[in-house]
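# Coordinates in review
Each chain is listed here by its residues.
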Amino acid sequence: MQTVDLIVHASWIIPVNQARDVLADHALVVDQGKVVATLPSKEANLAYQAKEELDLAGRALIPGLINTHGHAAMTLFRGMADDLPLMTWLNDHIWPAEGKWVSSEFVHDGTQIAIAEMLRSGTTTYSDNYFFPEDAIRAILPTKMRAQLNFAVLDFPNNWASGPDDALAKGTELVKSYREHDQVRVIYGPHAPYTVSDEPLLKIKALAEEHGVGIQMHVHETQGEVDDAVKANGERPVARLHRLGLLGPHFQAVHMTALNDDDIRMCAETGTHIIHNPESNLKLASGFCPVDALQKSGVNVALGTDGAASNNDLDMLGEMRTAAQLAKAVAMNAEALPAYEALAVATINGAKAMNRHHELGSLEAGKLADFAAIDLSDIESAPIYDPVSHIVYATSRQQVEHVWIGGEQVVKHRELLTIDRQEMIAKASTWRSKIKE
Ligand SMILES: [Zn+2]
């Protein structure tokens, strides 16, 4: 008998593997932070002896959710400016508030508050596009949350950097320092085609290639963005990025509404990843990402919540449900984005976009043991024909009961083990009083 750190028995394990299995009455075997095996519970007890063993009857284990796009610190602006179109929301509310408030401490506190919310809803890896990435890292490390930080680069100055060259100099130091880091990775985050000109984009392309890391960028957030670009330069943003050589397997394009057949073809041919943010797009009336058409063309589609200022929560279970429903409406096809594929979009596809699919995104031997236990034992989940259907279409984040990252428990019976939740509530309240002044 082999001794291991942890065995978790559950009524279901949904590994999100290639075969799209649903494993009933199985055990997840974990040792030294990694998945050793998933096997029938009876066999697990014959083959392994564990230092800790849990029996989670009525629960389903899923890979930790991967929130592939957001702005964590903007949680401090949650609910501050609602019911506005994107450019009014940005120009009249968000950018002035950021100019006034964004600082080292704002980013540190906002990031930790966001992580507390994300961990409690089963997210174990998230991607963040913001300023002061060194302070985000300071906030992230003690929580055990994994993160991909794509630091913001814009043509104009902001509170963190005096311009694109300053941002690139500061950010590239972090790219180098965290290249092999288990928990935090830093990549390039040019904000959007309408805020970053060709010269910094070409620098970013060269730097990302030199350091072997990715680029994440908002692209085609609205039809207006596409129309303005065509009017100004006669070129659609996706075509411009393709001409500059940015599209490719290291490029993560966020939003991607208002796509025509040529845009989709360019993404498919280059292996560009698309990060879909359905709730933010709906709330800002930005437009629709054609998820079904992209997937049928072979494009990898991952999922993000975007920031809490435009969503207004960081709930990946809710986002997954919205994505599954919206894909059907946009395609006018009820077979678009079926339940198990929606779960893949929220897990393994995010890992692929971040180029970490060899170690994250599914529960398979050798991968990092990031997983969540979802309680399906109560009336809201009865009866159960298919646990995947319930997780996508009928589960709220309050049913996320336990969460592990790298085999270490970070949420136990809905309580956070690496963050003081009461302290976070108090900090949010303090910031709200200041910002409201
Ligand atoms: Zn965004």
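Keep in mind that this is a model prediction, so the values were computed, not measured.

## Concerning the overall build of the protein
Within the protein one finds 16 helices and 16 strands. Along the first, second and third principal axes, the C-alpha atoms of the protein reach 65 × 45 × 40 Å. Here the protein, with 437 residues, has 60% of them falling under the buried criterion. As presented, the protein carries roughly 16600 Å² of accessible surface, and 51% of it is formed by carbon and sulfur atoms. Taken together, the 37 basic and 58 acidic charged side chains of the protein have centroids lying 2 Å from each other.

## Concerning helix α16 (residues 421-436)
The terminal C-alpha atoms of α16 lie 22 Å apart, and with 16 residues this matches the ideal 22 Å at 1.5 Å per residue to within 8%. Buried within α16 we find Met424, Trp431 and Ile435. The buried residues of α16 occupy one face: seen down the axis, they fall within an arc of 35°. In α16, the exposed residues that point more than 90 degrees away from the buried face are Gln422 and Lys436. Two to three positions downstream of the cap, the backbone nitrogen of glutamine 422 sits 3.1 Å from a side-chain oxygen, assigning the N-cap of α16 to aspartate 420.

## What to know about the side chain of glutamine 148
Considering the arrangement of structural elements, one finds glutamine 148 in strand β7 (residues 146-153). Owing to a relative accessible area of 4%, glutamine 148 belongs among the buried residues under this scheme. Side-chain polar atoms of glutamine 148 contact the side chain of serine 127, separated by 2.8 Å.

## Comments concerning the pairing of strand β10 (residues 251-255)
Of all 5 residues that make up β10, 5 are buried, and the element is covered over most of its length. By the bridge criterion, 5 bridges tie strand β9 (residues 215-219) to β10 in an arrangement that is parallel. The partner of valine 219 across the bridge, within β10, is histidine 255. Here 3 bridges tie β10 to strand β11 (residues 273-276), and the two strands are oriented parallel to one another. Within β11, the position partnered with glutamine 252 by the bridge is histidine 273. In this region the chain leaves β10, passes through helix α9 (residues 261-270) and returns to the parallel neighbour β11; the handedness of that crossover is right-handed.

## Quick notes on the coordination of the zinc ion
Taken together, the protein donors to the zinc ion comprise His69 (NE2), His71 (NE2), His218 (NE2) and Asp306 (OD), at separations of 2.1 to 2.4 Å. Relative to the metal, the 4 donor atoms surrounding the zinc ion lie at angles of 84 to 175°, and the coordination shape comes out irregular. Mapped onto the polypeptide sequence, the residues donating to the zinc ion form the spacing pattern H-x1-H-x146-H-x87-D. One end of the pair, histidine 71, is in the loop between β5 (65-67) and α2 (86-101); the other, histidine 218, is in strand β9, with 147 residues separating them in the sequence. In this structure, histidine 71 and histidine 218 share a single accessibility class: buried.

## Some remarks on the packing of helix α3 (residues 104-120) against α16
Angle between the axes and distance between the axes are the two parameters that describe a pair of packed helices. Between α3 and α16, the shortest axis-to-axis distance is 10 Å and the interhelical angle comes to 135°. As far as their axial angle goes, α16 and α3 are oblique. The hand of the α3/α16 crossing is left-handed. Only Arg421, Met424, Lys427, Ala428, Trp431 and Ile435 of α16 make contact with α3, whose side of the interface consists of Glu105, Phe106, His108, Asp109, Gln112, Ile113, Ala116 and Arg120. Here the residues of the contact of α3 with α16 are counted per class, giving 7 nonpolar, 2 polar and 5 charged.

## Notes on the environment of threonine 195
Tracing the backbone shows threonine 195 in the loop between β8 (184-190) and α6 (198-211). Taking the C-alpha atoms as reference points, threonine 195 and leucine 90, 105 residues apart in sequence, are found 12 Å from one another. Leave out the neighbours within four places in its chain, and threonine 195 touches Trp95, Leu154, Asp155 and Phe156. Looking at threonine 195, its side chain comes within polar contact range of the side chain of histidine 191, at 2.8 Å.

## Digging into the sheet that holds strand β2 (residues 23-31)
Overall, mixed pairing links the 8 strands, which are arranged β3-β2-β1-β4-β13-β14-β15-β16 in an open sheet. At either margin of the open sheet sits one strand with a lone partner, and together these are β3 (34-40) and β16 (415-416). Bridge count for strand β1 (residues 2-13) against strand β4 (residues 48-63) is 10 bridges, and the pairing is parallel. For tryptophan 12, the partnering residue across the bridge sits in β4 and is alanine 60.

## Here's the deal with the nonpolar core
Of all hydrophobic cores here, the largest spans 116 residues; its most connected members are Phe106 and Tyr188. Sorting elements by how many residues they give to this core places α3 first, with 8 residues. Two domains share this core, each providing at least three of its residues, namely domain 1 (2-63 + 361-406) and domain 2 (65-353).

## A short note on the packing of helix α5 (residues 164-177) against α6
Running from amino to carboxyl end, α5 crosses α6 at an angle of 10°, the nearest separation of the two axes being 12 Å. The orientation of α5 with respect to α6, classified from their angle, is roughly parallel. Between α5 and α6, the residues in contact are Pro164, Asp165, Leu168, Thr172, Val175 and Lys176 and Pro200, Lys203, Ile204, Leu207 and His211, respectively. In terms of residue class, the contact of α5 with α6 is made up of 6 nonpolar, 2 polar and 3 charged.

## Comments concerning the packing of aromatic side chains
Applying the stated criterion across every chain, the model contains 7 aromatic pairs. With a centroid separation of 5.4 Å and 85° between ring planes, the pair formed by phenylalanine 106 and tryptophan 431 is classed as edge-to-face. Here phenylalanine 106, found in helix α3, pairs with tryptophan 431, found in helix α16; they are 325 residues apart in sequence, far enough to count as distant. Classification of phenylalanine 106 as buried rests on a relative accessible area of 0%. Members of the aromatic cluster, each reached through a chain of ring pairs, are Phe77, Phe106 and Trp431. In this arrangement the basic side chain of lysine 434 is found over the ring face of tryptophan 431, its NZ or CZ atom lying 4.0 Å from the centre.

About the cut-offs
Residues numbered from 1 in each chain as written. Predicted model: local features only at pLDDT ≥ 70, side-chain atom pairs only at ≥ 80, totals over all residues. Heavy atoms only, no water. Helix = DSSP H or I, 4+ residues; strand = E, 2+ residues; numbered from the N terminus. Buried < 20%, exposed > 50% of the residue type's maximum accessible area, 1.4 Å probe, protein only. Areas by Shrake-Rupley, 256 points an atom, 1.4 Å probe, with all protein chains shown as cover. Lys, Arg positive; Asp, Glu negative; His and termini not counted. Charge placed at Lys NZ, Arg CZ, Asp CG, Glu CD. Expected span 1.5 Å × (residues − 1). Arc of directions from axis to C-beta. Polar contact = N/O pair within 3.5 Å; in protein donor to acceptor, adjacent residues only side chain to side chain. Pairing = 2+ DSSP bridges. Right-handed = clockwise from strand over helix to strand, strands pointing away. Donors = N, O, S within 2.8 Å, 3.2 Å for Na, K, Ca; no water. Tetrahedral: all angles 85-135°; square planar, octahedral: opposite > 155°, others 65-115°. Axes fitted to C-alpha atoms, helices over the stretch in contact; angles between N-to-C directions. Parallel < 35°, antiparallel > 145°, perpendicular 65-115°, else oblique. Left-handed = near helix turned anticlockwise from the far one by under 90°. Contact = heavy atoms within 4.5 Å. Nonpolar A, V, L, I, M, F, W, Y, C, P; charged D, E, K, R; others polar. Core = buried A, V, L, I, M, F, W, Y, C linked by side-chain atoms within 4.5 Å. Domains from an automatic or database assignment. Phe/Tyr/Trp six-rings, centres within 6.5 Å; stacked < 30°, edge-to-face > 60°. Lys NZ or Arg CZ within 6 Å of the ring centre and 35° of its normal.

Purely geometric stuff here, so don't read any function into it on its own.
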